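Understanding the architecture of this molecule
Okay, here's what each chain looks like letter by letter:
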Amino acid sequence: MNNKMTLKTGYSNWQILALTVLRVLTGWHFLYEGLVKLYTPGWTAKDYLLGSVGPFAPFFKGIAQSDFLLSIADIFNEWGLVLIGFSLFIGLLSKPFKLAGILLLLFYYLSYPPFTGLELNGPSEGNYWIVNKNLIEMAGLLVLFLFPSSHITGIDRFIFKKKKTPSED
């Protein structure tokens, strides 16, 4: 018998721990960012969108210049971040929310792409070339999507219980 403990998922305990930590930390980041926006009086994405650069800047600036589209973008930002974060944090229905997180991060990435020659008019936390925190977090969510853990260490394990086969009894 192999002394290395593995669950029936094929993941080792260390792999499960690492995936769970990545999911929870990413969830916390999304949740916290959403709650800050939700509870900041008068928060809006308008200035962020107006500062957009790159080939998709006209699209994002157009959203900012329409009161209707801006209100939708603000709601999706606030509640999208909160719901994605909460889902990942507790491991509830996290698979579709991981895809939603990738999509939301893709919008952030495209509004401020870290390409040479683009003058940034908005928030910058460092010096980037092609790879920034949004792209890294998208990659992390892709890893979590391809190697899920919420069915093992999240609320999903109680919702999506695998039926035992006769050989598992």
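This report concerns the structure included in the present document. Only a predicted model underlies this, so the values are computations on that prediction, with no experimental measurement involved. (Residues numbered from 1 in each chain as written. Predicted model: local features only at pLDDT ≥ 70, side-chain atom pairs only at ≥ 80, totals over all residues. Heavy atoms only, no water.)

Brief notes about the overall build of the protein
As a reminder, the rule being used: Starting at the N terminus, helices and strands are each numbered in turn, a helix being any DSSP run of H or I of at least four residues and a strand any DSSP run of E of at least two. Note on exposure labels: buried denotes an accessible area under 20% of the residue type's maximum, exposed denotes more than 50%, and partly exposed covers the range between, all computed with a 1.4 Å probe on protein chains only. Residues are treated as being in contact if the distance between any of their heavy atoms lies within 4.5 Å. Calculation of accessible area relied on Shrake-Rupley with a 1.4 Å probe; when residues are assessed, cover is drawn exclusively from the protein chains displayed.
Per the secondary structure count, the protein includes 8 helices and 0 strands. Listed N to C, the secondary structure of the protein is α-α-α-α-α-α-α-α in terms of helices and strands. Out of the 169 residues belonging to the protein, those deemed buried represent 34%. Long-range pairs, those at least 24 residues apart, make up 71% of the contacts in the protein between residues at least 6 apart in sequence. Accessible surface for the protein amounts to roughly 10,900 Å². Of this, 69% is attributable to carbon and sulfur atoms.

A word on the packing of aromatic side chains
Using the following cut-off: A pair of aromatic rings is counted whenever rings of Phe, Tyr or Trp (Trp by its six-membered ring) have centres within 6.5 Å, and the orientation is called stacked for planes under 30 degrees apart, edge-to-face for over 60 and tilted otherwise.
Evaluated as defined, the whole model comprises 6 aromatic pairs. Geometrically, the ring pair formed by F59 and F60 is edge-to-face, given 5.1 Å between the ring centres and 75° between the ring planes. Residue F59 is classed as partly exposed on the basis of its relative accessible area, which comes to 48%. A ring pair is formed by F60 and F107, whose centres lie 6.4 Å apart and whose planes are at 85°; its orientation type is edge-to-face. Taken together, the positions of F60 in helix α3 (residues 57–64) and F107 in helix α5 (residues 94–111) put the pair 47 residues apart, joining distant regions of the chain. By relative accessible area, which is 5% here, F60 ends up buried.

Digging into the packing of α5 against helix α6 (residues 133–146)
Put simply, the test is: Angles run from 0 to 180 degrees between N-to-C directions of axes, and those axes are lines fitted to C-alpha atoms, restricted for helices to the stretch in contact. Put simply, angles under 35 degrees are roughly parallel, angles over 145 are roughly antiparallel, angles from 65 to 115 are roughly perpendicular, and the rest are oblique. Note on convention: the crossing is left-handed when the near helix lies turned anticlockwise from the far helix by less than a right angle, right-handed when the turn is clockwise.
It is at 9 Å that the axes of α5 and α6 come closest, and there the two elements cross at 165°. By the criterion of interaxial angle, the relationship of α5 to α6 is roughly antiparallel. Where α5 crosses over α6, the handedness of that crossing is left-handed. Packed against α5, whose contacting residues are K95, K98, L99, G101, I102, L105, L106, Y108 and Y109, the element α6 presents N134, L135, E137, M138, L141, L142, L144 and F145 at the interface.

Digging into helix α4 (residues 67–90)
Stated precisely, the cut-off is as follows: Any helix carries an expected span of 1.5 Å times its number of residues minus one.
Taking 1.5 Å of rise per residue, 24 residues should cover 34 Å, and α4 covers 34 Å from first to last C-alpha, within 8% of that figure. For α4, the set of buried residues is L70, A73, D74, N77, E78, G80, L81, V82, I84, G85, S87 and L88. If you follow the buried residues of α4, they end up packed against α1 (13–39), α2 (46–50), α3, α5 and α6. With its phi angle positive at about 75°, G91 sits one or two positions after the end of α4.

Brief notes about the layout of surface pockets
Heads up, the condition is: Space inside and on the surface of the protein is sampled on a 1 Å grid over the protein atoms alone, with a cavity defined as a set of points where a 1.4 Å probe fits but cannot get out and a pocket as an open set with protein on both sides within 12 Å along at least 5 of 7 lines; lining residues have an atom within 4 Å of a point. Grid points are joined across faces, edges and corners, and a volume is the space filled by probe spheres set on the points.
When its volume is computed, the second largest pocket comes out at roughly 510 Å³. Lining of the second largest pocket is provided by 22 residues; of these, A73, F76, N77, L104 and F107 occupy positions nearest its centre. Of the residues forming the lining of the second largest pocket, the biggest block, 9 residues, is contributed by α4.

Things to note about the pattern of salt bridges
Short version of the rule: We count a salt bridge whenever a side-chain nitrogen from Lys or Arg sits within 4 Å of a carboxyl oxygen from Asp or Glu.
Overall, the coordinates contain 1 salt bridge when judged by the stated rule. K37 is the salt-bridge partner of E33, the closest N and O atoms lying 3.4 Å from each other. Here E33 pairs with K37, and both are found in helix α1, just 4 residues apart, close to one helical turn. With a relative accessible area of 31%, E33 lands in the partly exposed category. For K37, a relative accessible area of 15% corresponds to the buried category.

Some thoughts on a nonpolar patch on the surface
Applied cut-off: Put simply, a patch holds well-exposed residues, over 30% relative accessible area, that have no salt bridge, with like charges counted together within 9 Å and Val, Leu, Ile, Met, Phe, Trp or Tyr side chains within 5 Å.
A grouping of L22, L142, V143, L146 and F147 is seen on the molecular surface, where their side chains present a nonpolar patch of about 430 Å² in accessible area. Counting residues per element, the nonpolar patch draws most heavily on α6, which supplies 3 residues. By secondary structure assignment, the location of V143 is in helix α6.

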